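Single-letter residue listing:
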Amino acid sequence: MAAEIRSRSPRGPVLLTKIPGHREQVAAASLIPREDGVITASEDRTVRVWLKRDSGQYWPSIYHTMSSPCTALRYHHESRKLFVGQDTGAVVEFNVSEDFNKMNFIKTYPAHQNRVTEIIYSPGTQWVISTGHDKFLTWMCSQSGSQMGRHGFASWASCLQYDEDTRYAFVGDFSGQITLLKLDQNSCSVISTLKGHEGSISCMYWDPVQRYLFSGSSDHSIILWDIGGRQGRTLVLQGHHDKVQGVTYVQLTRQLVSCSADGGICVWNMDIDREEAPQWLESDSCQKCSQPFFWNIKQMWDTKTVGLRQHHCRKCGQAVCGKCSSKRSSYPIMGFEFQVRVCDSCYETIKDEDRTPLATLHEGKHNIYYMTMDVSRGLMVTCGTDRLVKIWDMTPSVGCSLATGFSPR
């Protein structure tokens, strides 16, 4: 059985407040920069702007009902543009007033034929970029509202990240693949595809400084893709028991924050030189004892033995039988915070200090569907299947306020 991550920190995330009120699941949220406020979009068809009152409670200053369930949200504070994706495939743009008491309708973009999964606003190009369950990425002109281009995929396009400088779009899909596209005015080109997850891509985060892409998946794992300096290098992080629903990289402190569907909030130390997990090797027989695997009919016949089931050592990647991989161990330097299968020879090389956790796991106490962070203030918002929105102070875990001078009110 997988072991729990042992917390190295005496304090984890501090829950500042809970915001109830939505009748259905909250699909997305956005913290308002430099304000004690949060914007939410829900399956109950409402978009709400919550502001903190003198009593310390959050009350909606805006309560706007949409024509269909809300599935995605993007707020750009400098322009006060608010984009809401809907279950019908439309993306609706609003302008939010300076006092956050009113939102004015601007236009509707016919972006998709099915549920919108994510929206990005690019102020440099004035594009509204979105993904949807219709298996398309689209980018549209925010001035005219017309479509600039689109690109289709074999599976649902589930999440999206975008690099403003290079116009690279990262699209994760339901098959577990990530496609890197270069967007142009009316066309796009496929740069590469990233394959490594065994489940659908549920969330991504792009750090343009380190040029790291982080992806979370329904396979419970997170992969760091080093897009910049070391081409093709990937690190696999396994510390969640359920689908990863949100990831954010705190570049200042070199920490990764991730959340999962079972309520787990994990803080990863990325300020170390981690080892890359090996590729799994294939063989017709155990690479330790040479006994045949069950599909190796010829060797089973020649040796008059029964074939064995194939396993893999997580440390060396060799194909081994169960007898030669009877041990289990955590190996955090390679991202394995839980005990995993290792071959007997690799087990002997792992010292006690090698098992020291490099991540801390905390309990969010609700099943998390969506997560976002304001890294500059050390604040995090989680939206749960319990219809609650929770605001967290993450500074005890990631130390953002110590570096930025912010103190949560």
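- As recorded by an unreviewed UniProt entry, the protein carries the name WD repeat and FYVE domain-containing protein 1-like isoform X2 and is attributed to Xenopus laevis.
- Word for word, the UniProt comment on the protein under Subcellular location (unreviewed entry) is "Early endosome".

1. Digging into the overall build of the protein
Logical step 1: For the protein, the helix and strand inventory stands at 4 helices and 32 strands.
Logical step 2: Taking 409 residues into account, the globule formula puts the C-alpha radius of gyration at 22 Å, and the protein, at 23 Å, falls close to it.
Logical step 3: Considered along the principal axes of its C-alpha atoms, the protein spans approximately 80 × 50 × 40 Å.
Logical step 4: Across the 409 residues that make up the protein, the buried fraction comes to 55%.
Logical step 5: Put simply, the protein shows about 18,000 Å² of open surface, and 47% of that area lies on carbon and sulfur atoms.
Logical step 6: Side-chain charges in the protein split into 44 positive and 42 negative, and the spacing between the mean points of these groups amounts to 2 Å.

2. Some words on the sheet that holds strand β7 (residues 81-86)
Logical step 1: Taken in spatial order, the 4 strands make up an open sheet running β6-β7-β8-β9, and their pairing is antiparallel. The strands lining the two open edges of the sheet, one partner per strand, are β6 (70-76) and β9 (103-109). Pairwise comparison of adjacent strand axes, ignoring direction, gives a mean angle of 20 degrees for this sheet.
Logical step 2: Pairing of β6 with β7, which is carried by 6 bridges, proceeds in the antiparallel orientation. In the sheet register, Leu73 faces β7, and the bridge partner there is Val84.

3. Topic: the pairing of strand β5 (residues 58-65)
Logical step 1: Inspection of the sheet shows strand β4 (residues 46-52) paired to β5 by 7 bridges, in the antiparallel sense. Counted as the bridge partner of Thr46 is Thr65 from β5.
Logical step 2: Counting the residues in the hairpin turn of β4 and β5 gives 5 residues, including Gly56, whose phi is positive at 95 degrees.

4. Some remarks on the UniProt feature "domain: FYVE-type" (unreviewed entry) in the protein
Logical step 1: When the UniProt feature table is mapped onto this chain, "domain: FYVE-type" (unreviewed entry) is found at residues 280-351.
Logical step 2: Here residues 280-351 runs as 18% helix and 22% strand, with 23 Å between its end C-alpha atoms.

5. Examining the pattern of salt bridges
Logical step 1: Within the structure shown, the criterion is met by 8 salt bridges.
Logical step 2: Note that Asp87 is salt-bridged to Arg115, the shortest N-O span being 3.2 Å. Within this pair, whereas Asp87 is found in the loop between β7 and β8 (91-96), its partner Arg115 is found in the loop between β9 and β10 (116-122), the two being separated by 28 residues in sequence.
Logical step 3: Given a relative accessible area of 31%, Asp87 falls into the partly exposed group.
Logical step 4: We note a salt bridge from Arg355 to Asp352, for which the minimum N-O separation is 3.3 Å.
Logical step 5: Judged by relative accessible area, Arg355 falls into the buried class, the value being 18%.
Logical step 6: Through salt bridges with shared partners, a single ionic network connects Glu43, Asp87 and Arg115.

6. So, the nonpolar core
Side chains that are nonpolar tend, in soluble globular proteins, to be buried together.
Logical step 1: Grouped together as the largest cluster of nonpolar side chains are 19 residues, with contacts concentrated most on Ile39, Val47, Leu82 and Val84.
Logical step 2: Listing elements by their share of this core, those giving two or more residues are β3 (37-42), β4, β6, β7 and β8.
Logical step 3: Ignoring any residue separated from it by four or fewer positions in sequence, one finds Val47 in contact with Ile39, Thr40, Ile62, Tyr63, His64, Met66, Cys70, Leu82, Val84 and Met103.
Logical step 4: Core analysis: the second largest hydrophobic core is formed by 16 residues, Phe214, Leu256, Ala359 and Leu361 among them.

7. A few points about the environment of Met380
Logical step 1: With respect to the element layout, Met380 can be found in strand β31 (residues 379-384).
Logical step 2: Apart from residues no more than four positions distant in its own chain, Met380 is found in contact with Leu31, Val257, Cys259, Ile265, Met371, Thr372, Met373, Lys390, Ile391, Trp392 and Met394.

8. As for the pairing of strand β13 (residues 147-152)
Logical step 1: Bridge count for strand β12 (residues 136-141) against β13 is 5 bridges, and the pairing is antiparallel. Paired with Met140 across the bridge in β13 is Gln147.
Logical step 2: Here β12 hands over to β13 after 5 residues, with Gly145 in that stretch at a positive phi of 80 degrees.

9. Some words on the side chain of Ser142
Logical step 1: When you line up the elements, Ser142 lands in the loop between β12 and β13.
Logical step 2: A relative accessible area of 6% places Ser142 in the buried class.

10. Some words on the environment of Val47
Logical step 1: Here Val47 lies in strand β4.
Logical step 2: Residues Val47 and Ile119, 72 residues apart in the sequence, show an inter-C-alpha distance of 15 Å.

11. As for unusual backbone geometry
Logical step 1: Despite not being glycine, Arg167 shows a phi value in the positive range, around 60 degrees.
Logical step 2: Along the chain, the position of Arg167 falls in the loop between β14 (157-163) and β15 (168-173).
Logical step 3: Even without being a glycine, His220 presents a positive backbone phi close to 75 degrees.

12. A look at the confidence of the model for the protein
Logical step 1: Averaged over all residues, the pLDDT of the protein is 90; the fraction at 70 or higher stands at 94%.
Logical step 2: This stretch, residues 1-10, has a pLDDT under 50; its non-local contacts, to residues over four places away or in other chains, come to 26 contacts.
Logical step 3: Taken as a whole, residues 402-409 scores under 50 in pLDDT and shows 10 contacts with residues more than four places along the chain or in a different chain.

13. Quick word on the packing of aromatic side chains
Logical step 1: For the structure shown, the criterion picks out 8 aromatic pairs.
Logical step 2: An aromatic cluster is present here, built from Phe83, Tyr109 and Tyr121 joined pairwise through their rings.
Logical step 3: Between Arg150 and the ring centre of Phe136, over which it is positioned, the NZ or CZ distance is 3.6 Å.
Logical step 4: Looking at Lys327, its charged tip hangs above the ring of Tyr347, at a distance of 5.8 Å from the centre.

Procedures and definitions
Residues numbered from 1 in each chain as written. Predicted model: local features only at pLDDT ≥ 70, side-chain atom pairs only at ≥ 80, totals over all residues. Heavy atoms only, no water. UniProt positions renumbered as here; feature names shortened; annotations may be inferred. Helix = DSSP H or I, 4+ residues; strand = E, 2+ residues; numbered from the N terminus. Rg over C-alpha atoms; globule rule 2.2 N^0.38 Å. Buried < 20%, exposed > 50% of the residue type's maximum accessible area, 1.4 Å probe, protein only. Areas by Shrake-Rupley, 256 points an atom, 1.4 Å probe, with all protein chains shown as cover. Lys, Arg positive; Asp, Glu negative; His and termini not counted. Charge placed at Lys NZ, Arg CZ, Asp CG, Glu CD. Pairing = 2+ DSSP bridges. Axes fitted to C-alpha atoms, helices over the stretch in contact; angles between N-to-C directions. Salt bridge = Lys/Arg side-chain N within 4 Å of Asp/Glu carboxyl O. Core = buried A, V, L, I, M, F, W, Y, C linked by side-chain atoms within 4.5 Å. Contact = heavy atoms within 4.5 Å. pLDDT = per-residue confidence, 0-100. Phe/Tyr/Trp six-rings, centres within 6.5 Å; stacked < 30°, edge-to-face > 60°. Lys NZ or Arg CZ within 6 Å of the ring centre and 35° of its normal.

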